Amino acid sequence: MRREPAANEALAEALRSYARTLAAAGVVQTGGAFTDLPEADRFVKTRAEAFLIGVLFTQGIPAERAWAAPWLLAQRLGHFDLGRLAVERERVARAIAAPPALHRFVRTLPGWVSAAAARVIEDYRGDAAAIWPEGTRVAEVAERLRAFQGIGVKKAAMATEMLVRHLGVRLTGLEDGCVAYDVHVRRVFLRSGLVVRDSVVEVASAARSVEPGDPGSLDLAAWLIGRQHCRPSAPRCDQCPLAGPCARLVSLRPDGVGVRR
Ligand code: SF4
């Protein structure tokens, strides 16, 4: 089902409007915090290396749990020293896997954490904030992040967006930013009719078309809509910020053609 241009514009404006509302309210993730543990929230917001390690955890588990992990890891280890994280991989592995485990991927995460610590020491003189100094272009920061094991296109897009939007890092070239190709974002773009096919290229292109000067600014709005309203089953369309113009293509045939709900 293809959208008429007017319908697309109404939909685009509804998404932009919700993104502006969230920004004005200072909404981050599910509220005012990355995670619901205040100490852990402070930790990832005030220590660049903790933020970087937190990005590694944002996969396959709820965001709140992922962002709590760096602080919990530091509590279990008794330190958050990059030099030790880099070389004491077995200790890191035991700390991550100790019940309750800090992540589902207890075999993969320790390697990513140690490799990230080593790379920050080698390439950024031990200062993770040097990955994203003020004035650097968004695309450059995303590329630097993608050089870390465990950070792909999706996490890099999410991280750069969070640096700009929530940690106040003044990066440039916002027009090169993008929404993260996240399961919630994809579902909203597909069901609403912003994209016809679920592909990283189509989602990125649609985000650029909705907000050419700053496509990444749509990331949180789409992610929250997907998480809170556009659920995999039983979407709450009536309460959704896109309710009016959305195509509501909740059931999709294998060929990608939508069936209106
Ligand atoms: S919850 Fe309903 S209205 Fe909102 S994006 Fe999903 S399908 Fe559209």
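Residues numbered from 1 in each chain as written. Predicted model: local features only at pLDDT ≥ 70, side-chain atom pairs only at ≥ 80, totals over all residues. Heavy atoms only, no water.

**Observations concerning helix 3 (residues 48-57)**
One full turn of an α-helix is made of 3.6 residues, so residues set three or four places apart face in the same direction.
Here is step 1: Summarising burial for helix 3: 10 of the 10 residues are buried, a large majority.
Here is step 2: Along helix 3, the residues classified as buried are Ala-48, Glu-49, Ala-50, Phe-51, Leu-52, Ile-53, Gly-54, Val-55, Leu-56 and Phe-57. (Buried < 20%, exposed > 50% of the residue type's maximum accessible area, 1.4 Å probe, protein only. Helix = DSSP H or I, 4+ residues; strand = E, 2+ residues; numbered from the N terminus.)

**Focus: the layout of surface pockets**
Here is step 1: The computed volume of the largest pocket comes to approximately 410 Å³.
Here is step 2: The wall of the largest pocket is formed by 22 residues, among which Thr-58, Ala-63, Met-158, Asp-182 and Trp-223 lie closest to the centre.
Here is step 3: Considering only residue class, the lining of the largest pocket consists of 10 nonpolar, six polar and six charged.
Here is step 4: Along the walls of the second largest pocket sit 24 residues, with Ala-142, Ala-157, Asp-176, Gly-177 and Cys-178 positioned nearest its centre.
Here is step 5: Sorting the residues of the lining of the second largest pocket by element identifies helix 8 (138-146), helix 9 (153-165) and helix 11 (200-210) as the ones contributing at least two each.
Here is step 6: With seven residues, helix 9 is the single largest residue contributor to the lining of the second largest pocket.
Here is step 7: Of the residues in the lining of the second largest pocket, the class split is 15 nonpolar, three polar and six charged.
Here is step 8: For the lining of the second largest pocket, the domains that each give at least three residues are domain 1 (5-27 + 177-259) and domain 2 (38-176). (1 Å grid on protein atoms, 1.4 Å probe; cavity = no way out; pocket = protein on both sides within 12 Å on 5 of 7 lines; lining within 4 Å. Points joined across faces, edges and corners; volume = space filled by probe spheres on them. Nonpolar A, V, L, I, M, F, W, Y, C, P; charged D, E, K, R; others polar. Domains from an automatic or database assignment.)

**Here we look at unusual backbone geometry**
Negative phi characterises most residues that are not glycine, and trans characterises most peptide bonds.
Here is step 1: With an omega of -5°, the peptide bond between Pro-99 and Pro-100 qualifies as cis.
Here is step 2: One can find Pro-100 in the loop between helix 6 (89-97) and helix 7 (109-124).
Here is step 3: If you check the backbone angles, Ala-234 has positive phi at about 50° while not being a glycine.
Here is step 4: Tracing the backbone shows Ala-234 in the loop between helix 12 (219-228) and strand 1 (251-252).

**Some details on the domain arrangement of the protein**
Here is step 1: The domain boundaries assigned to the protein delineate domain 1 (5-27 + 177-259) and domain 2 (38-176).
Here is step 2: For domain 1 versus domain 2, the distance between C-alpha centres works out to 27 Å.
Here is step 3: In this assembly, 17 residues from domain 1 lie in contact with 14 residues from domain 2.
Here is step 4: Carbon and sulfur atoms make up 51% of the area that domain 1 and domain 2 hide from each other, which totals about 1100 Å².
Here is step 5: For the domain 1 face of the interface with domain 2, the top three residues by lost area are Gly-177, Asp-214 and Arg-227, together amounting to 35%.
Here is step 6: For the pair domain 1 and domain 2, the number of links is two salt bridges.
Here is step 7: A salt bridge links Glu-64 to Arg-227, with the nearest nitrogen and oxygen atoms 2.9 Å apart.
Here is step 8: Here domain 1 and domain 2 share four residue pairs in polar contact (both at pLDDT 80 or more) between them.
Here is step 9: Residue composition of the side of domain 1 that touches domain 2, grouped by class: nine nonpolar, four polar and four charged. (Contact = heavy atoms within 4.5 Å. Buried area = accessible area lost by both parts, 1.4 Å probe. Salt bridge = Lys/Arg side-chain N within 4 Å of Asp/Glu carboxyl O. Polar contact = N/O pair within 3.5 Å; in protein donor to acceptor, adjacent residues only side chain to side chain.)

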